[in-house]
Amino acid sequence: MQDIDVLRLERLDRVKTFLENHIGEFATGSVVDQTRIEVTGLLTTLNAARVTQIRLLANKEEIVASLIARFKDIARTARSILSDDPSFPEEVFRFAGDYSENSAATHADAIFTLLDAKHGDTVPNLARKAALRERFTEYEMDPGFVSALRADRDSLADAYTRTHADNEDDLDTAAAVATLFHQANNAVTRLNGPIQNKYSADPDKIHEWNQASHMESGPAPPEPEPTTA
C-alpha cells in the first residue's frame, strides 16, 4: 500500500473508534449504526491486505540480510587467506553491491560459480572447487558454509517467485483496494450528515468527529475502475 493509503486507514480507524465510543447514542438499525458495521468490515479487510504486503516485504529483507552477513564472513576470511597467500583471488569474494535483492542474488551466484559443485561439472572443476572450499575451512569457516549460502539464495528465489505470482493479480488487487477505499470514503461522507445533526448543540463532539473524519493530507481516493464482464 502507498503512504496515502496508510493515511486513509488511519482515518478509517479513527472513525471506527468514534462510532464505538458513541454508538449507544444512536438507535439500533439507524444509518449511523449500519454504517458502523460497514466501516468495521472495511477496516478489517484493508488491514489484512496491508499485513500481507508487509509480511512479504519483511521476509525478503530478512533473507537478503542473511545473505549479506554470509558475504561478509566469506570476504573477511578471504582477506585472511590473502595475508598468507598473495596469489589468492581475494577480490572476487568482495561484495561491492548496493545491498539490494538483485545485488545479493548476483553476488551469491558468482560465489557459487567458484565454490559450489553443480551437475555437469568436469572432474577437474569439481576438484578445483573442493580445494577452494577447503582453503576457507582451514580458516575455521563452517564446512557447510556454501550449502548455507545456497539455502538462503534458494529462499530468496522462492520469495521472488511467490511475490511474482501474487503480483500477477496486481491490477485486480489494486482495483479491489481502490474500491474498498472508495466505499470507505462514501461511508464517512454518509456519516457526516447525521453526526453533525445529532451533535449540532454539542461543539465538543462536533470537534471530536471533525478530528476523526479529517484526512490529514493527500487526495481523496480515486474512483474505482469500472468492471467488465
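Residues numbered from 1 in each chain as written. Predicted model: local features only at pLDDT ≥ 70, side-chain atom pairs only at ≥ 80, totals over all residues. Heavy atoms only, no water.

Q: Explain the overall build of the protein to me, using residue names and the numbers behind them.
A: Each helix and strand in the protein was counted, giving 7 helices and 0 strands. Starting at the N terminus and walking to the C terminus, you meet the elements of the protein as α-α-α-α-α-α-α. The buried share of the protein, reckoned over its 229 residues, is 34%. In the protein, 72% of the contacts between residues at least 6 apart in sequence involve partners at least 24 apart. Accessible surface for the protein amounts to roughly 13,600 Å². Of this, 52% is attributable to carbon and sulfur atoms. (Helix = DSSP H or I, 4+ residues; strand = E, 2+ residues; numbered from the N terminus. Buried < 20%, exposed > 50% of the residue type's maximum accessible area, 1.4 Å probe, protein only. Contact = heavy atoms within 4.5 Å. Areas by Shrake-Rupley, 256 points an atom, 1.4 Å probe, with all protein chains shown as cover.)

Q: Which residues make up the packing of aromatic side chains, and what are the values?
A: Taken as a whole and judged by the stated rule, the model has 9 aromatic pairs. Seen from their ring centres, Phe 18 and Tyr 199 are 6.4 Å apart, and the 85° between their planes marks the pair as edge-to-face. You can see Phe 18 sitting in helix α1 (residues 3-22) and its partner Tyr 199 sitting in the loop between α6 (170-198) and α7 (203-213), a full 181 residues away along the chain. Using a relative accessible area of 3% as the deciding quantity, one classes Phe 18 as buried. Tyr 199 sits in the buried class, given a relative accessible area of 4%. Within the aromatic cluster, the residues linked to one another by ring pairs are Phe 18, Phe 26, Tyr 199 and Trp 209. The residue whose ring lies beneath Arg 8 is Phe 181, and the NZ or CZ to ring-centre distance is 5.7 Å. (Phe/Tyr/Trp six-rings, centres within 6.5 Å; stacked < 30°, edge-to-face > 60°. Lys NZ or Arg CZ within 6 Å of the ring centre and 35° of its normal.)

Q: Account for the environment of Ala 131, with residues named and values stated.
A: Inspection of the secondary structure puts Ala 131 in helix α4 (residues 123-137). As for Ala 131 and Leu 115, which are separated by 16 residues in sequence, their C-alpha atoms are 8.9 Å apart.

Q: An account of α1 is needed here, citing residue identities and associated values.
A: For α1, built from 20 residues, the straight-helix expectation of 28 Å at 1.5 Å per residue is met to within 8% by its first-to-last C-alpha distance of 29 Å. The set of residues buried in α1 consists of Ile 4, Asp 5, Arg 8, Leu 9, Arg 11, Leu 12, Val 15, Lys 16, Phe 18, Leu 19 and His 22. (Expected span 1.5 Å × (residues − 1).)

Q: Report on the pattern of salt bridges, specifying residues and quantitative values.
A: All chains considered together, the criterion is met by 15 salt bridges. Note that Arg 190 is salt-bridged to Glu 38, the shortest N-O span being 2.9 Å. In this pair, Arg 190 is assigned in helix α6 and Glu 38 in helix α2 (residues 31-84), connecting sequence segments 152 residues apart. The exposure class of Arg 190 is partly exposed, given its relative accessible area of 35%. By relative accessible area, Glu 38 is classed as partly exposed at 28%. Among the ionic pairs, Asp 121 bridges to Lys 129, the shortest N-O distance being 2.9 Å. For the pair shown, Asp 121 and Lys 129 are each scored as buried. (Salt bridge = Lys/Arg side-chain N within 4 Å of Asp/Glu carboxyl O.)

Q: Provide a residue-level description of unusual backbone geometry, including the pertinent values.
A: Its identity is not glycine, yet Tyr 99 carries a phi of approximately 65°, on the positive side. Within the fold, Tyr 99 resides in the loop between α2 and α3 (101-115). In this model, Glu 140 sits at a positive phi of 75°, which is unusual for a non-glycine residue. Residue position: Glu 140 is located in the loop between α4 and α5 (145-167). By relative accessible area, which is 73% here, Glu 140 ends up exposed.

All quantities given are derived from atomic positions and should not be read as evidence of function.
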